[in-house]
Amino acid sequence: MFEKRMTAAGGSGSGDVDSGYAWWRLVLTLILGTVACVGNWSVVVLLPTLQVEFDTVRGGASLPYTCTMLGFAFGGVVMGRLADRVGIVVPVLIGAFLLCVGYILAALTTNIWQFAAFSLVIGLGSAAGFAPLISDLSLWFSRHRALAVAFAASGSYLSGAVWPMAIEHFQTTQGWRATHVGIGIFIPLVMVPIGLLLKRRLQTLTYVQAEAVTEAARNELGLSPNALQVVLVVAGFACCMAMSMPQVHIVAYCGDLGYGVAVGTQIIALMLGLGVVSRLASGAVADRIGAGPMLILGSSMQAAALLLYLSFNSKPSLYVISGLFGLFQGGIVPMYAVIIRKYLPPREAGIRISLVLMATVLGMACGGLAAGYIFDATGSYRLAFLHGFLWNCVNLALVSWLILWPRLRRRQQAMAT
């Protein structure tokens, strides 16, 4: 209610917020995210090749993915803080440079440890295309913030829908090393000019008005900023421990079942393509029902999809279940950013959102590695899917408590009076 009064008074709806320029900035952000997040998906396609190329086990071949995610996680925090201080352009330019260097040097490696080290650099570069862009774009919208944040976050999934198919094609025809060099050259040619178009920044008055809205929301929630941050960090880690199993290992899983790497690549492209649809739809719905209820809905449906993987593994069923998985889980991560923007100071959006998204990325990294070692220990992905489902239950419990807590608190206060 307070937020609506501020908008009607010309507060959060003034200036550049919700303007035509803001929507143009959204388009540029989506393109940047799609290009920069290549690092998250190239190593997934390459996983079976790395296992053969460097003569390692499945867990060892998963190490570069984990290093990429670690770089992506910590790089997001550093670049998010940098975006708070100097704007989004500098993080984008740094990311383009790191991706260029990381991919070209990764192509020259001779063992899995070298490749993992340069995967860390690639992850640092890709970080510029996720958390900093989401936090930056969230400042430019009020009425359609959830939808805008979903668009910004969709760059990662759109990247996963586009890049695996291209990488698998060029890896087959040109070899993985030449493909990595090509990516390293292509990335800065796109990111640098687009990044320079984002140099415009919001007026100081806009931050002051937005802070008044978030302070009122925090008082209603009844949690301190740091307490809310901790709950969201743990919830984000848990949901992505669950999310990582299909996303990281579906290509290798299809290979083990005899369907081939090409089928696995098609399935992950389908999964992430529908994840884009899910993110946009979730953003539109969240603008109506709230980010919290949307988060609970997404987490519940992701848990259901993980259970389906335990029961079916035919080729047609994997296409169907993976498509459902993409539709179910795509909207989860952006909701954390929307919740942060509702309750926490806008001048700290970059670091606050980046910390939670770092937790989600660490969940992806740890979950992907854990699934690889569970497979090595058992010779099957069945327990890995179950492992993911249990982490999903942790996430669902936390987010349900977070959304129900203010209502229970208000009820207790009403009974006390």
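- Under an unreviewed UniProt entry, the name given to the protein chain is MFS transporter, and the source organism is Rhizobium changzhiense.

A look at the overall build of the protein chain
Stage number 1. Of the regular secondary structure elements, the protein chain holds 18 helices and 0 strands.
Stage number 2. A globule of 417 residues ought to have a C-alpha radius of gyration of about 22 Å, and the protein chain, at 21 Å, matches this closely.
Stage number 3. On the principal axes, the C-alpha backbone points of the protein chain span a range of 65 × 50 × 30 Å.
Stage number 4. Here the protein chain, with 417 residues, has 58% of them falling under the buried criterion.
Stage number 5. Residue pairs in contact within the protein chain that sit at least 24 positions apart in sequence constitute 85% of those at least 6 positions apart.
Stage number 6. Accessible area for the protein chain stands at about 15,700 Å²; split by element, carbon and sulfur atoms hold 69% of it.
Stage number 7. The protein chain carries 25 positive and 15 negative side-chain charges, and their two centres are separated by 8 Å.

Description of helix α12 (residues 225-256)
Stage number 1. For α12, spanning 32 residues, the distance from its first C-alpha to its last is 46 Å, which sits close to the expected 46 Å at 1.5 Å a residue.
Stage number 2. The axis of α12 is deflected most strongly, by about 60°, at I250.
Stage number 3. For α12, the buried fraction is high: 23 of the 32 residues fall into the buried class.
Stage number 4. Phi turns positive, to about 90°, at G258, one or two residues after α12.

Let's talk about a nonpolar patch on the surface
Stage number 1. Together, W24, V27, I31 and L197 line one region of the surface with nonpolar side chains, adding up to about 370 Å² of accessible area.
Stage number 2. For W24, the location among the structural elements is in helix α2 (residues 20-36).

Here's the deal with helix α8 (residues 131-138)
Stage number 1. The element α8 is largely enclosed, with a buried count of 8 among its 8 residues.
Stage number 2. Residues A131, P132, L133, I134, S135, D136, L137 and S138 constitute the buried set of α8.
Stage number 3. On the buried face of α8, the contacting elements are α2, α5 (63-86), α6 (89-106), α9 (145-174), α16 (332-343) and α17 (349-378).

Remarks on the packing of aromatic side chains
Stage number 1. Scanning the entire structure with this criterion turns up 13 aromatic pairs.
Stage number 2. Ring plane angle 80° and centroid distance 5.5 Å describe the contact between F237 and W391, whose orientation is recorded as edge-to-face. In this pair, F237 is assigned in helix α12 and W391 in helix α18 (residues 382-416), connecting sequence segments 154 residues apart.
Stage number 3. Its relative accessible area of 23% is what places F237 among the partly exposed residues.
Stage number 4. For W391, a relative accessible area of 27% corresponds to the partly exposed category.
Stage number 5. A ring pair is formed by Y253 and Y381, whose centres lie 5.4 Å apart and whose planes are at 90°; its orientation type is edge-to-face. Taken together, the residues span a long stretch of sequence, with Y253 in helix α12 and Y381 in the loop between α17 and α18 at a distance of 128 residues.

What counts as what
Residues numbered from 1 in each chain as written. Predicted model: local features only at pLDDT ≥ 70, side-chain atom pairs only at ≥ 80, totals over all residues. Heavy atoms only, no water. Helix = DSSP H or I, 4+ residues; strand = E, 2+ residues; numbered from the N terminus. Rg over C-alpha atoms; globule rule 2.2 N^0.38 Å. Buried < 20%, exposed > 50% of the residue type's maximum accessible area, 1.4 Å probe, protein only. Contact = heavy atoms within 4.5 Å. Areas by Shrake-Rupley, 256 points an atom, 1.4 Å probe, with all protein chains shown as cover. Lys, Arg positive; Asp, Glu negative; His and termini not counted. Charge placed at Lys NZ, Arg CZ, Asp CG, Glu CD. Expected span 1.5 Å × (residues − 1). Bend = angle between axes of the 7 residues up to and from the residue. Patch = residues over 30% accessible without salt bridge, like charges linked within 9 Å, V, L, I, M, F, W, Y side chains within 5 Å. Salt bridge = Lys/Arg side-chain N within 4 Å of Asp/Glu carboxyl O. Phe/Tyr/Trp six-rings, centres within 6.5 Å; stacked < 30°, edge-to-face > 60°.

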